[in-house]
Structures are given as C-alpha cells and as structure tokens.
Amino acid sequence: MRFVTPPPVRRLPLAGEQPATVVEPGAPGGAVATSGRRLQASPMAVERMTVDRMSIAYGAKVAVDEVSLPIRQGEVLALIGPSGCGKTTLLRSLNRLTELTKTASMKGRILLDGTDTATLEPTALRRRVTMVFQQPNPFPMSVFDNVAYVLREQASRRPRKRALQGAVQSALERAGLWEEVKGNLAHPALRLSGGQQQRLCIARALAADPEVLLLDEPCSALDPISTQVIEELIVQLREQVAVVIVTHNLQQAFRIADYVAFMYLGELVEYGPAEQVFGAPRADRTKEYVSGGFG
Amino acid sequence: MSAMTAPPAQPASPPPAPRRSARDSSASWRLTDRLGLAFAWLLGIGFLVVTAAIVLYMMVQGLRYVRPELFVTSPSAGFTESETGGFLDPLLGTVIVAAMAMAIAFPLGLCIAVWLSEYGRPSLLARVTESTIEMLAGTPSIVFALFGTLLFEQGALAFFSRTNDGGVVYGRSFFAAASMLALIALPLVVANVREGLQAIPAHVREASYAVGKTKLTTTRRVLLPAARPSVVTGAMLGVGRVIGDTAVIVLLLGATLRFNPAGDVPGLSQLKGTGSTLTSFVYANAPTGEANQPTKAYAAAFVLLSMVLVLNFAVDLAVRRGRRWR
C-alpha cells in the first residue's frame, strides 16, 4: 500500500454480526439508533478524491448535474437513488470510463490526491481507481491469469508466473477467495460460482493496488449468502482503500455505508453520514425515498 | 411423488407425464407448422444424401485408383496410365500456394477485423472497407484470376514471374496465384474473426479497461484469445477455399503440371516459376481435360477431398478446445 500515514483502523460489526432484526431503513419510528455504529467520520480518514461541480451529459440529456462530493479512505460511500438518477454515471466518471461512451460530455473536475484526473493518463488513473461491475465479468482465462493479467505490464507476458505468485495470492486473500481456489488456480474462471466470480473480480480490482475501489451494484446478481460474504469484505476493505458503492438496495447501503449520497434526476439531493441520511433525512425527497415512497 | 397425497376428487389421476419432446407432440401442432417440419426434414435429408453421395462416390473411386507411388512421382507426358506419373508436384503446389496465400490473407485479415470491430475509426473509411470486403467475398474467382494476369504482366511486377528474352513479363507464377488467392481467403478471415470479436460481451472489454489496460492490450491478451475458435475457423475456411480454387490456378499458375522454375535462385526460382495444384491436375486429367487420365483425376480428387475433410475436423477440434474457458 502506498499510504504515508498509517491507514485508519476501524472495525465496524460485520454484516454477519448484525442483530437478527435488521432495521428497515426509515421504518416508522426511525429506529436507526443501531448499536455499535460509529457515526462520525474518523478523524484519520484521508480524503482521496474530490468531485468538484461535476456535470455529465449524454448528448443533450444531463445525467449528472453539478455534483460535489468528497471520497475518503477508511469509509464506505454509498450512492443511492432511483434508477436513472445518474449514480452509475457518476461512478464511471471517477475513473473516466464514461469517456468510452462517444456521446458523453463532461464539465467540472475530479481530483485524485489533489491532481485533476483529466490530466492523468486514463490507463494510469484506472490502475489507481479500479472498478467492479454489476455482472461478474471475469476474463475467459484461468483464475490465476485473471489476476495476473492486471499485474503484468501492458501486453507483456512477463514477469513469469512464479514471480507473480505472491501478488496473485495476496490479491485473492484480500478478496477472501484464496482458501476456495488455491487448489485450482489453473481452472477456468467462468466455472466458478457467481459469488466467487464476483470476488475474483474484486481480487482483480485489488491486484492493481488501487487507492479507490468503485463498486457498481456488486451484489445485485448474487444470492443472499454471496451478498453477505461480499458485504463483509467491503467493510474490511475500506481500511485499505476508499470504497464507493452504487446500490439499489437501501438495506445494503444501511448495513455497510459510513456516508451516503442520495441522488435524484442527476442532482445530489443529500450527502451525509449514513445514520443521518437514513435516520433524520434533511430533504423531503430523501425522506420519501428511504421510507420507500418512490423509486 | 410418493410423499404427495393425491387430491381426493381425482383419485385416478396419474402424476403429470414428463414433458415429451417437441417432435413427439407435433401431432398437436398447427397444420402449417407440421408442413414446415416435414419440409425441413425433407430438405435436410435431401442435402445429406447429395453430400454423402459425392463423398462416398469420390471415396470409392479414389480408393480404387489411389496408389502410394502417385504421391512420390511427378507428372510426365505419356500415352498410357503407367507413363504419366503421379501427382507429387501438384500436391506440393497445393501446399505451397495455400501457405503463401494464407501468409498474406491471415495477418491482413486479422488486422482488418480487429480494426473494424474494435476501433472502426475513421468511420467513413471503416464503412468503405466493410463494403469492399463484402464485395471481395462476392466476386467470382475467375475475375480475380483475370485481374491477376493483367496486374502481374506489368513491368513493375516483373520480379514475381518469368521475363523472356524480349522483355515480356509472363505474369504467371506461384506469387501471382497466391496473391490473388489471398484476396479470396481474406473475406472469410475477416468475417469470422470479426464475428468472434463481436460475440464477446462489452463488459469483458470494460473489465479490462477498468483495470487500466489499453485497447491494444485488451485486444491482444483478452479478446483475441477469447475469440480463438473464430480465428481458427476463419483461417481454416480460408485454407479450404484456397486449396479448392481452380480458376485462379489455371490462369495464374500456368498450365505446367510440373514445377517449371524461372531463374536460378533455389527456392525463389520455383516460386517465380509456374506449376500446378491438385485442382489444376484434376482439371487437366478429367475426362474432358487435355491430359484425359480419369483414374489419376479421381485419385487426385480423393486426396483433395481428404485434405478438406481433415481441415474440417481440425476446425471442429479447435472450436471445441477453444471452448474450454467457457
């Protein structure tokens, strides 16, 4: 890892340790006063990215409108909102994947450790800000090669397998997949289960040793058990990287997010600590959404 | 099933029968669907019978006449079967021409397909290229052959064939034939590689870009390996077309059944000279051809057919092996 300051160590209860009665977000009575959650941002949280009045349009259609946000390491930031509100677009703009869409146009700045991402080489930026997608999308190669591909230089086959063994193992360990695949690293990645594939994708994203990890609804294609495994993983990972997650699942956002940004029609309606957004939303829109009024 | 208690109202009702296949239940289909099914079967069996007839006929005829010494002797002039030799030169010629043509068509086709599928810019040029390739695919090979004779008779291309004492460029050689055959194989390579690349879902590309890989790296290390079955299929189909073509060979490789080198650089002189392939050997020895040695023609056709069949099996194998990552 490339921190100068030691990473903030914070242990929140894992998803599995939650009390059996998970409180419905915004349920009547606003019983969000859950035990064991730390509300305040850790004073040690390091700001890695700053979104500064970012606007993104596809042709004439504005998808993201003047959004400003901080993204801090040591915290999970969840982007929530109804479909088509621009959360995925915002997420993809963080590592300039929006540029692959020909009609997309951007205004505003995104800073990564104080540097405007527009001035960085896209490939260099995408190694520092990696992404996991909605559908598990491992490459049609072996488990080992899926991770090793990220570690190798552009297009080169070197360094050799043995030299990469350690890094591949560490990435798989951080993604919590090592124990399950260590015996068959040469097997095709597409024969893993959906949950394992998604963790392989997380391992792949971690292998580049990024500063920010973007997750685009990483559990929406998975069963509840795999979802729980991945949620636990995300909570652990935020100590090492800044995590931004887009989710449709409000309970998931409630379970794992420290900060929540609620977007609606491209605008950032509310941004704040998860407890506050779910428990005492300031905007009416947010209140309606988190209590299941629309969306 | 046994654990479930049948509802008392219908004590005799049997457990639901397992779903029968669509064909078994075709009695319940509409008349037009049933007619369609019958028509499809008729056509399918019809084509199968025709194909089987050709292959079996050629196999029987070929096996009757094919003898080991045919593979190792060159064709020669003569009046009886025993004097006219075998088809060593045409066999080698087929291999040489196929290798040369694919050496041009495969890399070129691969690059064009990657460019069309992954880059496609400038888009106007891409569109023009696309329709050009389609046009090439639809052009009869005799047209390529005719164009080739015009092209390689130009003084500027004299290097690629024989020039006589008067300075006239002959324009027929392995180089000339292979380059025109490459144009025949090119659309097959392009179409198959392109199809294979486009069958890869967009999220695979995105996954690669999202970890900081360039387009070129993604293509080389992810997309082309994933599309390998299509790449191999394209190459094999190209080879099949090339070794089966006759018009280009007859017009551009010259009418000599034996190698007829031009110049005295070993290797190069053979390629600059004329020769034959199995197809032109069959053409010459067919009952209507000038050599008229039908038994030799049958034997050569048998060998040619076997080569094509082996190629088809190879394609099948490659496609199946390529699926092991799926």
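These numbers come from a predicted model, not from an experiment.

Turning to the overall build of chain A, a few remarks are in order. Helix and strand counts for chain A come out as 10 helices and 10 strands. In chain A, buried positions account for 55% of the 295 residues.

Residues and elements named next belong to chain A. Looking at the element boundaries, R72 is found in strand 2 (residues 61-73). In this structure R72 comes out as buried when scored by relative accessible area, which is 18%. R72 sits 23 residues away from M49 along the chain, and the two C-alpha atoms are 6.8 Å apart. Polar side-chain contacts of R72 include one of 3.4 Å to the side chain of Y271.

All names here are of chain B. The volume enclosed by the second largest pocket comes to roughly 320 Å³. Mapped by element, the contributors of at least two residues to the lining of the second largest pocket are helix 3 (88-119) and helix 7 (202-209). By residue number, the principal contributor to the lining of the second largest pocket is helix 3, which donates four residues. In the lining of the second largest pocket, the residues fall into four nonpolar, three polar and six charged.

What follows concerns the sheet that holds strand 1 (residues 46-58) of chain A. Residue and element names in this part refer to chain A. Strand order across the open sheet formed by four strands is 2-1-4-5, with antiparallel pairing between neighbours. Two strands in the sheet have a free side with no partner beyond their single neighbour: strand 2 and strand 5 (115-116). Across nine bridges, the pairing between strand 1 and strand 2 is antiparallel. Counterpart to T50 in the pairing with strand 2 is P70. This element, helix 1 (residues 87-94), spans strand 1, strand 2 and strand 4 (104-112) of the sheet and lies at about 120° to strand 1.

With 30 residues of chain A at the contact, the number on the chain B side is 20 residues. Both sides of the chain A and chain B interface together cover about 2,300 Å² of buried area, and 61% of this is carbon and sulfur. The tally of links between chain A and chain B comes to one salt bridge. As a salt-bridge pair, E206 of chain B and R92 of chain A come within 2.6 Å of each other at their nearest N and O atoms.

Okay, the side chain of R199 of chain A next. Residues and elements named next belong to chain A. On the secondary structure map, R199 appears in helix 6 (residues 194-207). R199 gets classed as buried once you look at its relative accessible area, which sits at 8%. In this view, R199 contacts A175, G176, L177, E180, V229, I230 and L233; residues no more than four positions away in its chain are not counted.

Reading the values: rules and limits
Residues numbered from 1 in each chain as written. Chains lettered and ligands numbered in written order. Predicted model: local features only at pLDDT ≥ 70, side-chain atom pairs only at ≥ 80, totals over all residues. Heavy atoms only, no water. Helix = DSSP H or I, 4+ residues; strand = E, 2+ residues; numbered from the N terminus. Buried < 20%, exposed > 50% of the residue type's maximum accessible area, 1.4 Å probe, protein only. Polar contact = N/O pair within 3.5 Å; in protein donor to acceptor, adjacent residues only side chain to side chain. 1 Å grid on protein atoms, 1.4 Å probe; cavity = no way out; pocket = protein on both sides within 12 Å on 5 of 7 lines; lining within 4 Å. Points joined across faces, edges and corners; volume = space filled by probe spheres on them. Nonpolar A, V, L, I, M, F, W, Y, C, P; charged D, E, K, R; others polar. Pairing = 2+ DSSP bridges. Contact = heavy atoms within 4.5 Å. Axes fitted to C-alpha atoms, helices over the stretch in contact; angles between N-to-C directions. Buried area = accessible area lost by both parts, 1.4 Å probe. Salt bridge = Lys/Arg side-chain N within 4 Å of Asp/Glu carboxyl O.

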